[in-house]
Amino acid sequence: MKIQSKIKDYQVELIDDVLSKRDAVFSNLKYDNLFYFVDGNVSRIYKDKLSSFIDKDFHYVIKALETNKKFDKLSDFYKILIDEGFTRNDVLVTIGGGILQDISGFIASTLYRGVKWVFLPTTLLSQADSCIGSKTSINFKDSKNLIGSFYPPNKIFIDVSFCDTLTPEYFNSGLGEIIKFHFLSDAKKYDLLKEYLSSQDLRKDDLFKEIIWSTLKIKKSYFEQDEFDTGKRNLLNYGHCFGHALESASNFEICHGEAVIVGMGFANLLSLKRGVLKKGKYLEFEEILKRYYPKFDISKIKVDDILYYLKHDKKRVGKNLTMILAGDIGKHYKNNDIKKEEIVDTFGEFVQYYKKIV
Ligand SMILES: NC(=O)c1ccc[n+]([C@@H]2O[C@H](COP(=O)([O-])OP(=O)(O)OC[C@H]3O[C@@H](n4cnc5c(N)ncnc54)[C@H](O)[C@@H]3O)[C@@H](O)[C@H]2O)c1
């Protein structure tokens, strides 16, 4: 798949057994040396295959922790590359999930004002969603993703077999974004989602690669004309307004995509109460979402904390709160006029419901 970007066009490829295909990965790239950043768990689980893939090149293992994505921590990573002699003719290669992607992407965009970067995503979320779209995000003090740039990799290679070793939480986290994108698409893609989700083994299903590819195509259709997120791309925040607030209010007890699943449930309930989503559709969407709600005691979340984080949402406009509401499949819109009282009321109802079903 070719992605058009204001920064540079780039390509995404599905590939089997990528760690045995070093030549294919680096063909067509001109470079002197390769420098690798590798996720800690991936480094441990795929040790043997990685050592033949990386061979004698420099590699550095980074744990996928939000604290490693902090602004203060970045100087360590620049230092490592500079001390090891990284030049503008070299390539940074990242093997890991969204955390390693954000660290590497920001560094690749700023080191010597931009260097070549290849990404092998290893989580479902990074394969089906974050690997394209050019965003890099860094945490600042206690706030997530406050600092960032737009800088896509030169090439992305997706090997879905990496997902075999993900924990159920991180698999579901990627699934949350897959569901979101298909809710934001059309009837045909929504049917594909339902067929995929009916599988007994989602990681081994024949449709697994197809659903990842379909998710990337939907994302591409949203951001190619709005790469810098000033219009249509904002709709991809469906499930994220409440989701981000919940992630922060729970002190990151639940992972990102799982919070997005809960966030979509909350946005749908608010849409129902506002009369923009019909009851039948609400129940149909809920039937899908509730199967993946994380086991989590939502009653310990304080509505004041949710309100605080909604108020500090990057996407908020005006004096009220902002949320992406749902009318139907592919019929979403940004509402900047959500009142505090509506959140309090919907949250009370949502908590009672969540406690009963999870
Ligand atoms: N830049 C973007 O566009 C964008 C978009 C969405 C999310 N994000 C960011 O991505 C991060 C979340 O990323 P994520 O969900 O991909 O996960 P992650 O990078 O946080 O990794 C999750 C866990 O899975 C482990 N892991 C990674 N690959 C594995 C594999 N193949 N087998 C076993 N374990 C593996 C990691 O070590 C870690 O413990 C957040 O920081 C979020 O803010 C960025």
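The shown structure was predicted, so the numbers you read here are calculated from the model rather than taken from an experiment.

**Observations regarding the overall build of the protein chain**
Within the protein chain one finds 14 helices and eleven strands. Expected size for 358 residues packed as a compact globule is a radius of gyration near 21 Å; at 20 Å, the protein chain falls within 12% of this value. Overall, the protein chain is about 60 × 45 × 35 Å in size when its C-alpha atoms are taken along their principal axes. Excluding contacts between residues fewer than 6 apart, the proportion of contacts in the protein chain whose partners are at least 24 apart in sequence is 73%. When the accessible surface of the protein chain is summed, it comes to about 16,200 Å², and 50% of that surface belongs to carbon and sulfur atoms. Taken together, the 55 basic and 50 acidic charged side chains of the protein chain have centroids lying 4 Å from each other.

**Considerations on the domain arrangement of the protein chain**
Domain boundaries assigned for the protein chain yield domain 1 (2-165) and domain 2 (168-357). Between the C-alpha centres of domain 1 and domain 2 the distance comes to 27 Å. Each partner contributes to the interface: domain 1 provides 29 residues, whereas domain 2 provides 29 residues. Summed over both sides, the interface of domain 1 with domain 2 buries roughly 2,500 Å², with 64% coming from carbon and sulfur. If you look at where domain 1 meets domain 2, you find four salt bridges. Measuring nitrogen to oxygen at the nearest pair gives 2.7 Å for the salt bridge that ties K219 to D129. For the pair domain 1 and domain 2, the interface holds twelve residue pairs in polar contact (both at pLDDT 80 or more). Where the side of domain 1 that touches domain 2 is concerned, the elements lending two or more residues are β1 (2-3), β2 (10-14), α6 (124-130) and β8 (143-150). Per element, the largest residue contribution to the side of domain 1 that touches domain 2 is six residues, and it comes from α6. A per-class count over the side of domain 1 that touches domain 2 returns 14 nonpolar, eight polar and seven charged.

**Points about the pattern of salt bridges**
For the coordinates displayed, the defined rule picks out 24 salt bridges. For K180, the salt bridge goes to E177, with nearest N and O atoms at 3.0 Å. Taken together, the residues K180 and E177, both in helix α7 (residues 168-183) and three residues apart, mark about one turn of the helix. Like K180, the residue E177 is buried in the burial classification. Among the ionic pairs, E284 bridges to K194, the shortest N-O distance being 4.0 Å. You can see E284 sitting in helix α12 (residues 279-289) and its partner K194 sitting in helix α8 (residues 187-197), a full 90 residues away along the chain. Using a relative accessible area of 28% as the deciding quantity, one classes E284 as partly exposed.

**Comments concerning a nonpolar patch on the surface**
There is a patch of nonpolar side chains on the surface, built from F71, F140 and L146 and spanning about 260 Å² of accessible area. Positionally, F71 belongs in helix α4 (residues 71-83). Since its relative accessible area comes to 38%, F71 is described here as partly exposed.

**Observations concerning the site of the ligand**
Not every one of the 23 residues close to the ligand is listed here, only the nearest: E66, G98, D102, T123 and T165. One of the backbone nitrogen or oxygen atoms of G98 is found 2.8 Å away from an oxygen atom of the ligand. Side-chain polar atom of D102 to a nitrogen atom of the ligand: 2.8 Å apart, as the coordinates give it. Looking at the shell around the ligand, the elements that each hand over two or more residues are α2 (40-45), α5 (98-110), α6 and β8. In terms of residue count, α5 provides more of the shell around the ligand than any other element does, four residues in total.

**Regarding the packing of helix α10 (residues 240-249) against helix α13 (residues 303-311)**
Look at α10 against α13: their axes get within 9 Å of each other, and the N-to-C directions meet at 120 degrees. What the angle tells us is that α10 and α13 run oblique. As α10 packs across α13, the resulting crossing turns out to be right-handed. Of the residues in α13, those touching α10 at C241, F242, A245, L246, S248 and A249 are D305, I306, Y309 and L310.

Analysis parameters
Residues numbered from 1 in each chain as written. Predicted model: local features only at pLDDT ≥ 70, side-chain atom pairs only at ≥ 80, totals over all residues. Heavy atoms only, no water. Helix = DSSP H or I, 4+ residues; strand = E, 2+ residues; numbered from the N terminus. Rg over C-alpha atoms; globule rule 2.2 N^0.38 Å. Contact = heavy atoms within 4.5 Å. Areas by Shrake-Rupley, 256 points an atom, 1.4 Å probe, with all protein chains shown as cover. Lys, Arg positive; Asp, Glu negative; His and termini not counted. Charge placed at Lys NZ, Arg CZ, Asp CG, Glu CD. Domains from an automatic or database assignment. Buried area = accessible area lost by both parts, 1.4 Å probe. Salt bridge = Lys/Arg side-chain N within 4 Å of Asp/Glu carboxyl O. Polar contact = N/O pair within 3.5 Å; in protein donor to acceptor, adjacent residues only side chain to side chain. Nonpolar A, V, L, I, M, F, W, Y, C, P; charged D, E, K, R; others polar. Buried < 20%, exposed > 50% of the residue type's maximum accessible area, 1.4 Å probe, protein only. Patch = residues over 30% accessible without salt bridge, like charges linked within 9 Å, V, L, I, M, F, W, Y side chains within 5 Å. Near = heavy atom within 4 Å. Axes fitted to C-alpha atoms, helices over the stretch in contact; angles between N-to-C directions. Parallel < 35°, antiparallel > 145°, perpendicular 65-115°, else oblique. Left-handed = near helix turned anticlockwise from the far one by under 90°.

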